[in-house]
Every structure is written in structure tokens, then in C-alpha cells.
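# Fold and contact review
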Amino acid sequence: MTTTDITPVDFDEAIDRYDPVLGIEVHVELGTATKMFDGAPNIFAAEPNTAITPTSLGLPGSLPVVNGKAVEYAIRIGLALNCSIAETCRFARKQYFYPDLTKNFQTSQYDEPIAFDGWVDVELEDGEIVRVEIERAHMEEDAGKNTHVGGATGRIHGATHSQVDYNRAGVPLVEIVTKPIPDTKGRAPEVAAAYVRTLRDIFRALDVSEARMERGNVRADVNVSLRTDPSAPLGTRTETKNVNSFRSIERTVRFEISRQAGLLDAGEQIVQETRHFHEDTGGTSSGRPKSDAEDYRYFPEPDLVPVAPSRAWVEEIRAALPELPAARRRRLLGEWGFSDLEMRDVINAGALDLIEQTVAAGASAQSARKWWMGELARVAKDREVEIEALSITPAQVAELQGLVDGKKINDKIAKQVLGKVLDGAGDPAAIVEAEGLAVVSDDSVLTSAVDQAIADNPDVVAKIQGGKVQAIGALIGPIMKATRGQADAGRVREIIMDKLGVS
Amino acid sequence: MLSPDIIRRSAAAQAAALHAGETSSEELTRAHLDRIAAVDDDLNAFLHVSEEEALTAARDVDARRAAGEELHALAGVPIAVKDVVVTKGQPTTAGSKILEGWVPPYDATLVEKLRAAGLPILGKTNMDEFAMGSSTETSAYGPTRNPWDPDRIPGGSGGGSAAAVGAYEAPLAIGTDTGGSIRQPGAVTGTVGVKPTYGSVSRYGLIAMASSLDQAGPVTRTVEDSALLHELIAGHDARDSTSLPDPVGAYAEAARRRDVKGLRIGVIEELEGEGFAPEVRARFTESLDQLERAGAEIVRVSCPNFEYALGAYYLIMPSEASSNLAKFDGMRFGLRVIPEDHPTAENVMKATRGAGFGDEVKRRILLGTYALSAGYYDAYYGSAQKVRTLVQRDFAAAFEQVDVLASPTAPTVAFRLGEKIDDPTAMYMNDIATIPANLAGTPGISLPSGLAEDGLPAGIQFLAPARADERLYQVGGALEALLEDAWGGPLLAKAPELAGGAAR
């Protein structure tokens, strides 16, 4: 029997018998104007092999020069993750042969990272906080991109030839490595995804990267190992490379825990190796063994002088750090007066920014929350898109709410207007104006409608005059209908009561 | 009418002739191209001659001069460039088959400076493959011959540049010096070569052998010419992180000073005894006597760690080279060898590197790969870096006592072709005196000290503290004048006439 034949264990059973330990390496592509070591533009999806210079193509004679902005961004990340910033650090060459690597070594940092010994608090869906210790954050360059032609699904297997695009070669990366993350138990999959999401949010808040998972701006290598109990030494880990969505990260951890438990139950050894996650099956498969034989022959990069950020500069960067997501959430919670549960729902729905912008555009926090978490969340779900992908701006939502608050329209009309905005009809006020949707509160119009209703419904009138005031609704209904819902219902009620002499 | 001996004048004198209207750059460039055509079939100093480009550049300078434009002092004086320096539009091979036919799409920074100053580039000079050698015999394109004796090596790795200058094919040339590749060829061809302070000349566009050791510099027939060329190619370059921010020194002025009164010259005890040929030592001692008579103070200094420099060098240099040469894989430029059987990218890389690199290059890649391997790194690369620090300390201590240090440049005169090519360690010994300066990043100059064994030239080397390159020109210019007075002219005038050379 080979190890691949062993059946994975049910996740909950696996957690009963084993203690998982995580380790996560996150690569983030920095959004600098130029590449890490040369002046080639750092752009996504340009024509292949156009965003290059002799240096990013690794031509003979070319030399690297460190991008100061990338260093600043790396320091920003380090500080946001509560790391120490090195007083001096060097680049090193990580050497291996691969066609996407122009020099056949990657210029990276080895034993002298720019940032080290930090932590970040990760909030889970139920509000539990998990502190993840950061080992290091270091700078490096990305490789080019290979495309395999002629085989199935773009894989190298069966391909007739391969093409390499070096536009990505030399794009600045920061790699953030955690210390082993213990004690997550059955929440390990959730912790892994929440950690990467937390970093993603931090990168965006710091404005160091667009941090778009789907573009590969943020990529995670997920290490999982099992041990029999929390006091036992760490087990052998596997590293699943380049997992690039939060859901895939969760599935990877879940699958690896089940798979490794199956092997351990059967008395097998875990092989230390890199693995690949498969979106279609939700499983992982063996990549290459990561044994001690893998020798990158690191040595200090002799073409570059050490990076020695002055303490004054580091403090300047620290002072200029924007508010980080966790602090912002705490502040907004206080300002908005949401309950913890409401706040978590907002965050989990990805609506925090939208609500904040809506509030900034003049709406109250509760009304902004009501729109985004109510009607708009429902539309997003119907349309199967992310809420921020809806074609409506926070300013439009605030404008709509302003029309309601100013009694220009009522809630029912507001929903109609919202639908029209989503369909691209323009801004709410303009739609209300153009389509004549404003509330009718003109007494002459309303009085004639009331007169008509009284004339049409003598029996109802009799009931009201007989003391059943609640029957007044039976008169309001036809009036609203006659005015296509635009009548000011409160004023209509007053006119009826006045006309019928009741109070 | 152009005097046929103009090509034998110094570059400074050629520049003066251009300035005086005695000749044009086109005539001067044509004269050198004619000389190359006459003698280079025998010498093989050039791998590529860019006749049209050089003449076009020369005519351009002539036109600018005629228009009254302010020109660089060396404008119009042609130059040869070692083939390890990339030149846009001119093939650049670094003496290797793996780059055969490659035409760089960009210029090295120093080449940009040459072009901007209006120096027509005659072509690219032969060299040991990737500058790995001390004899120019490891070139994939055949060895260069020594103008003094065609059976002898011209030194290496920059034998092509030294031979070109020594044989009057070019008045100026660019060399690169990683362990002595400018100075040792200078010594064995009776020419002048300077390795500037590390970082003085931009490395951008130099095909790297060992990044922390490589330095480009001038190859000329006179100390003043080296100074002029050094001033032209030096200066900070934002494209090279290891480039010094210092302003360029007044080297030519120092070369013309001819005054060594009170200058303290230290003779390195470890570099004058065993292994150095008797006549080479004699010329060295006589040179020092000349300087002493001119008012210099000669003292003996000890640099005890120089003993380990060669060993450290042959770990650091191959380590860096093994990494720098990884990019030659047939994927993006140069040679690509596609094996018939299973031509995967990895197999193409293997086949290309197997066919494209020569033995010495492979030897150093293997050495370096081994030295950087896990488990060996500390013992080899790590220890070598410690020796490097000790060598730097030796220099620092020595320069507390003296202004410059002196030694013979190379242990012997030019040896015969084939004599050492199968004995790498004997070959490596050629660099024993030149390597310490590379390890320390300090500058050095070699100039002729006279004729030694077999009537062949020997060289004397001066070393100065980092950033004190002026001192080299000061002492070199002074010694050159003293020796030429004694000889009755330049040493090169004693060289035998080349078979193909009718221009005398």
C-alpha cells in the first residue's frame, strides 16, 4: 500500500487525536512604481517582456540597485506587524536554476531580514483574538512567469514548449514568515485564512500593495504539521505553495490535517515536501521533496551594499503609519454605536469601508448599516457578486438616505430608487426628480384624493365615524395606490381625520 | 602629412596633435586600424574590430572640432575595449563561446563615457574566458601573443588590451582587474596598467566574474595616459551600488608632478623573495634605488597575512563567479545547445553550459559551487572572508607607516604559451602580488621596471590606500621619467619590430 492510498480521517476525528501546528509564509507584491532592483515599470498585465531593462532581464553586465521605496514599504509592513527593524541588513543570493529566474539566483534576504520578531492579532468570526507571532519579514524579488503551451490545462506535463514573460521578474516582494502557530485545534483552518486576511487588510491600509488575491498580489505558502499533543515536539510539516484565496487556505489546512492524520493513524511517516492545492478537488498533491539535499548556496549579494535604515527614518515612517485595521475597527465601533455582533457582521460582509464612506458622505451609521447589510447585501447575494462590486457608491447611498431623512421620498420609494441606481440610471436625487417620485404632500392634491376615497368608501367612513379609527388604513390604501405610493401617508391621515372630524 | 610614427606616441601626444590640427581623428583612427590590419593576424589581440563605427565616431569628432566645439582632452584618440565590457551594437563575448554572436542592447557606463567624450572605439580585445586566467590562453578564440615574443603569453586575463597597446594597435585600452588582470599583462608587455580603488569606475556593463573584486581601469603606454583615461571613466554611477560617491581625483596632474621627495615607500617583505625571478627582483630594486635617489624614503614593511591572500582569493573569486555565471544558460541570450534526447529546459541549460564554457571556467564554477555548499560554507567562503579582513588590516597597518607600498608586479617575465596551461596552481601563482589589492579594494599601478630574464620586460607595482589613487600616479609618473632618462626612451622602444609592422 502506498501512502497515497490511505484514506484521510474525518476532520473532527483528526482534531480529537492530533494537535495541528500552522506556519504561514505570505508573499506580498509591493505597489511601487518600479521594480525591486531596476527602473523597469512595476505593472500588471503589460504586453509580455515589455516591462524590462537589462537588469530585470539579467543581461550580462547588468547590476541591481535597491529601490528605496520598496525598503520604505517593507519597513512600513514590519512596523505594522510590531517587528524590530534591522539597523543594517544585507541581501543574499538564493541560487537555483529555473528558466523564470533571469540570473538563476533570486536576490533575497537570508539571515539578515529587514524586520523580525513581531506579532499581529487576528480576529476570528466570533470575535476571538488569536495572536500570531511573526518570525521575520524580508525583501526579495519576484520571478518571471512560465506559460506551458501544448499540454492540458497549461501544465508542463505534455507541453510542447514553454514561454517566459519576464515582466514580473524583479517585482518587489516582502515575505512574511510566522513562527509556528500552536493551539488553534479545530479552528486551524479558520485561523490560517483569518491571518492572511488580516495581513491583506493591513497591506491595503498601509497602501503598500493593491493586495488583490486573485491577481496573485498576495500568495500564501501554508505549512501544516500534526503532533499527538501540545506538549510533544513539532511533527514533520508539509508546505502547500501559492494558495491564493482565503477559502483555498481554509480548505488546504483542513485537507492536510485530515490527510496527515490518516497517514499517522496508519503508522506512516509524513514526508517533508512541498505540495500543491487543487481548486477542483479541494485536495493537495505532492510537489517536490524538500529534503536537506536542497541547497540554495546562499551568500551575501556582492553587487549590493547593506541596507542601513537610519533610526530617524524608521521613526519618521512609524509616525506616518496610517491607522491599522484593528484600531480602526475599535474606533468605528465606538463612533457608530453598533453592537459587537453587528460590527462583526459588517466586517465579515466586507462592508466596513463602504459604511464608513457612506457615513462620511453624510448618512447616519445605523442607516448606512441598514442599507449595506440589508437591501444591498441581498442584491449582492442575488447577483452573486461581492458587495463592493455593486454599481453603487457610498455617496449615492448617503444621498438616497438624505432623501428619506428629508421626507422627499419614503422607504418604499427609496428601495425603488436604489434599484434604479444599481441599474445605472444615475444618482438618486436626479432619478427622483426625473421620474417624479417625490412624496406628494401638496394638500390640494391630497385633499382631492381624500375626498374621492371618502366618496368611494361610505361603509369605511361609517366605521371610522363609529369609533373604529384603525379602519382609516382602508382609506389610506387606495389613496397611496392612486398616487403611486408617493403620497405623504402621515399628512393623508391628518386630512382624513380632519375631514371626518375624528381625533 | 601624417607622420607614420604618430601611433607610437602617447595618447596625450596624439591628443595634442589633434588639438594642434596636425592630424585628424579620422586619420589617427585609420592609422591604428591599418596597424591592426598589419599585425593582428599574428597577435590576435582583437576579437572584433569595428572599423566603420570607429571611423564614423572619428569623423564626428573632427566635425565637432572644426565647428569649434569644446571637446574632451582625449577626444578623437581611439581606444580598444576589453571584451568583458558590453558595447551596444558591437559583439561582446567575454572570450567565451557561450556568448558567441551576442550583441548587447546597451552600453556599459564607462563605454557611455568614452563615447560621450568622443573616443572612437576600435574594437574589443581578447581575454581569458570570462577573465579567468593569467595568460589569455583560456580564450575560446585562441591566445593573444606577446608583442615582445610571439611564443610568449601577453599575461591575462587582459592580454588583448595590453598587447594592443604594446603593439601600437591602440594608444589606450580598457582592462578589468579582478586579481591582477590589468597589472600583470602590463608587467609582461612593458606597458602601464592601473587598477583603481574598488568603486572608482562603475561596474555597470562589466560582465561580472567576481563582483566584490572586479574593477575596470586604464591600459596605456604611459602613466600620464592612464591618469587621463582614469579621470575620464571614473565617477559615481547610480546604476552601480558599489560605486563611490567621491569626486574624481586630479590624476593627470599627479602623474606630471614628478616629485617624490619625502614620499615613504614600503617594500612588502612577503612579496619580493622566494618565487620571484632574480632579474625581476633586480629591476625592482634598481627602480627603488632611483626613487630613493630622487628623495623618496624606502622602508620595509611586513604584511603577514598576504601569505593567505592567494588561497582566500581562490575561494571568494570562484564562489562569486559560480553565481555570476549561472545566468549563462541558453534561455535568454548567447549560445543555446538543444540536446536531441529529451530537450527540457534543464537539459538545454546543461548542454549549453557543457558546450559553451571552457575548462578553466568549469573548474572555477565547480570550486565556487563547492565552497558555497551547505556544510562547507563556513570552512571555505567564511574563512576566506576572514582572511580578506586580515589582508585589509595588513594594508591599514602598513599605510600607517608609508604612503605607498611596492612589489614586483608579477614573479616572472612572460612565460611561454602552453607552459602553465595544464598546471592551474602554477598559473594562479602569477597573481600572488596583485591579488591583495583586489581583496582589500585598494588601488594599484604596474609600470615597466626594465628588461629582465630573456630580455623581456618586468613590472613594478605600487599600491596605495583606498581612494588615494593620486599617489600611484605621482610615484608612477616620477619613476617612469627617471627610468626613461636612464634607458634613453620608453622601454617599448626596445621591443622587436613585429613581422607585419612596416610602420617605423
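Computed from a predicted model, the values in this text were never measured in an experiment.

## Details of the overall build of chain B
Helix and strand content of chain B: 16 helices and 11 strands. In terms of principal-axis extent, the alpha carbons of chain B reach across some 65 × 50 × 45 Å. Taking all 504 residues of chain B together, 62% fall into the buried category. The contacts of chain B with a sequence gap of at least 6 include a subset with a gap of at least 24, amounting to 77%.

## Some words on the overall build of chain A
Broken down by element type, chain A carries 16 helices and 14 strands. Scaling as 2.2 N^0.38, a compact globule of 503 residues should have a C-alpha radius of gyration of about 23 Å, whereas chain A reaches 30 Å, well beyond that. Projected onto the principal axes, the alpha-carbon positions of chain A cover approximately 95 × 55 × 50 Å. The buried share of chain A, reckoned over its 503 residues, is 40%. When contacts within chain A are restricted to residue pairs at least 6 apart in sequence, long-range pairs at least 24 apart make up 69% of them.

## With respect to the interface of chain B and chain A
The extent of an interface is frequently quoted as the accessible surface area lost upon association of the parts. Between chain B and chain A, the residue contacts involve 35 residues of the former and 25 residues of the latter. Those elements giving two or more residues to the side of chain B that touches chain A turn out to be helix 10 (309-324) and helix 11 (345-356) of chain B. Counted by class, the side of chain B that touches chain A contains 18 nonpolar, 9 polar and 8 charged residues.

## A closer look at the packing of helix 10 of chain B against helix 12 (residues 359-371) of chain B
Residues and elements named next belong to chain B. Contact geometry for helix 10 and helix 12: axes closest at 7 Å, N-to-C directions at 100°. As judged from the angle between their axes, helix 10 and helix 12 are roughly perpendicular. Residue-level inspection shows Leu315, Pro318, Ser319, Glu320, Ala321 and Ser322 of helix 10 in contact with helix 12, the latter providing Arg364, Ile365, Leu367, Gly368, Thr369 and Ala371. The class makeup of the residues in the contact of helix 10 with helix 12 is 6 nonpolar, 4 polar and 2 charged.

## With respect to the sheet that holds strand 6 (residues 216-220) of chain B
All names here are of chain B. The strand order 1-3-2-4-6-5-10-11-9-7-8 describes an open sheet built from 11 strands, whose pairing is mixed. The strands lining the two open edges of the sheet, one partner per strand, are strand 1 (46-49) and strand 8 (297-301). Each strand of the sheet is rotated relative to its neighbour by a mean of 25°, with strand direction disregarded. When strand 4 (residues 172-176) meets strand 6, the two strands line up antiparallel, connected through 5 bridges. Looking across to strand 6, one finds that Leu172 is bridged to Thr220. Of the strands in this sheet, strand 5 (192-195), strand 7 (264-268), strand 9 (404-408), strand 10 (444-451) and strand 11 (457-463) touch helix 16 (residues 469-487), which is tilted by about 10° from strand 10.

## Re the pairing of strand 5 (residues 115-123) of chain A
All names here are of chain A. The sheet contact formed by strand 2 (residues 84-85) and strand 5 spans 2 bridges and is antiparallel. Considered in strand 5, the bridge of Ile85 is made with Ala115. Bridge analysis of strand 5 against strand 6 (residues 129-141) gives 8 bridges, and the strand direction is antiparallel. Bridge pairing links Glu123 to Ile129 in strand 6. Hairpin remark: strand 5 followed by strand 6, antiparallel, with 5 residues in the connecting loop; positive phi at Gly127, about 95°.

## Notes on unusual backbone geometry
Excluding glycine, most residues fall at negative phi; most peptide bonds, likewise, are trans. All names here are of chain B. In this chain, Gly156 is followed by Ser157 through a cis amide linkage whose omega measures 5°. The topology assignment puts Ser157 in the loop between strand 3 (121-125) and helix 5 (159-166). Non-glycine residue Arg467 carries a positive phi angle of around 75°. In this fold, Arg467 is placed in the loop between strand 11 and helix 16.

## A word on the domain arrangement of chain A
Residues and elements named next belong to chain A. If you check the domain split of chain A, you get domain 1 (3-314), domain 2 (323-435) and domain 3 (443-500). Taken together, the contact pairs 7 residues of domain 1 with 6 residues of domain 2. Per element, the largest residue contribution to the side of domain 1 that touches domain 2 is 3 residues, and it comes from helix 3 (residues 188-206). Looking at the side of domain 1 that touches domain 2 residue by residue, the classes come out as 3 nonpolar, 1 polar and 3 charged.

## Here we look at the confidence of the model for chain B
Model confidence for chain B is summarised by a mean pLDDT of 96, while 98% of its residues fall at 70 or above. Overall fold confidence (pTM) sits at 0.88, and the ipTM for the predicted complex is 0.95.

## Some points on the environment of Leu43 of chain B
All names here are of chain B. You can see Leu43 is positioned in helix 2 (residues 25-43). Classification of Leu43 by C-beta neighbours within 10 Å gives buried; the count is 26. For Leu43, the contacting residues outside a window of four places in its chain are Thr144, Arg145, Pro147, Ala163 and Ala167.

## Considering the sheet that holds strand 3 (residues 92-95) of chain A
Through backbone hydrogen bonds, the strands of a sheet pair up, either in parallel or in antiparallel fashion. Residues and elements named next belong to chain A. In space, the 3 strands of this open sheet follow the order 4-3-14, with antiparallel pairing throughout. With one partner strand each, in any of the chains shown, strand 4 (105-108) and strand 14 (299-300) form the two edges of the open sheet. Direction of pairing for strand 3 relative to strand 4: antiparallel, over a ladder of 4 bridges. Opposite Lys94, over in strand 4, you have Gln106 as the bridge partner.

## With respect to the nonpolar core
Ala74, Ile114, Ala137 and Ala192 of chain A together with Ile79, Val85 and Val404 of chain B are the most contacted members of the largest nonpolar core, which totals 225 residues. Those residues within four positions of Ile79 of chain B in sequence are excluded, and the remaining contacts are Leu114, Leu119, Ile121, Leu122, Ala170, Leu172, Ala173 and Ile174 of chain B. Of all hydrophobic cores here, the second largest spans 36 residues; its members include Ala363, Trp372, Ala449 and Ala453 of chain A.

## A word on the environment of Ala360 of chain A
Residue and element names in this part refer to chain A. For Ala360, the location among the structural elements is in helix 8 (residues 352-360). For Ala360, a count of 12 C-beta atoms within 10 Å puts it in the exposed group. Residues Ala360 and Pro300 lie 60 residues apart in sequence; the distance between their C-alpha atoms is 50 Å.

## Thoughts on the packing of helix 2 of chain B against helix 3 (residues 51-66) of chain B
Residue and element names in this part refer to chain B. Close contact between helix 2 and helix 3 brings their axes to 8 Å; oriented N to C, the two are set at 155°. Relative to helix 3, the element helix 2 is oriented roughly antiparallel. Handedness of the crossing formed by helix 2 with helix 3: right-handed. Here Ser25, Glu26, Thr29, Arg30 and Leu33 of helix 2 come into contact with helix 3, specifically with Glu51, Ala54, Leu55, Ala58, Arg59, Val61 and Asp62. Taken together, the residues of the contact of helix 2 with helix 3 break down into 5 nonpolar, 2 polar and 5 charged.

Conventions we followed
Residues numbered from 1 in each chain as written. Chains lettered and ligands numbered in written order. Predicted model: local features only at pLDDT ≥ 70, side-chain atom pairs only at ≥ 80, totals over all residues. Helix = DSSP H or I, 4+ residues; strand = E, 2+ residues; numbered from the N terminus. Buried ≥ 20, exposed ≤ 12 C-beta atoms within 10 Å, placed from the backbone. Contact = placed C-beta atoms within 7 Å. Rg over C-alpha atoms; globule rule 2.2 N^0.38 Å. Nonpolar A, V, L, I, M, F, W, Y, C, P; charged D, E, K, R; others polar. Axes fitted to C-alpha atoms, helices over the stretch in contact; angles between N-to-C directions. Parallel < 35°, antiparallel > 145°, perpendicular 65-115°, else oblique. Pairing = 2+ DSSP bridges. Domains from an automatic or database assignment. pLDDT = per-residue confidence, 0-100. Core = buried A, V, L, I, M, F, W, Y, C linked by C-beta atoms within 7 Å. Left-handed = near helix turned anticlockwise from the far one by under 90°.

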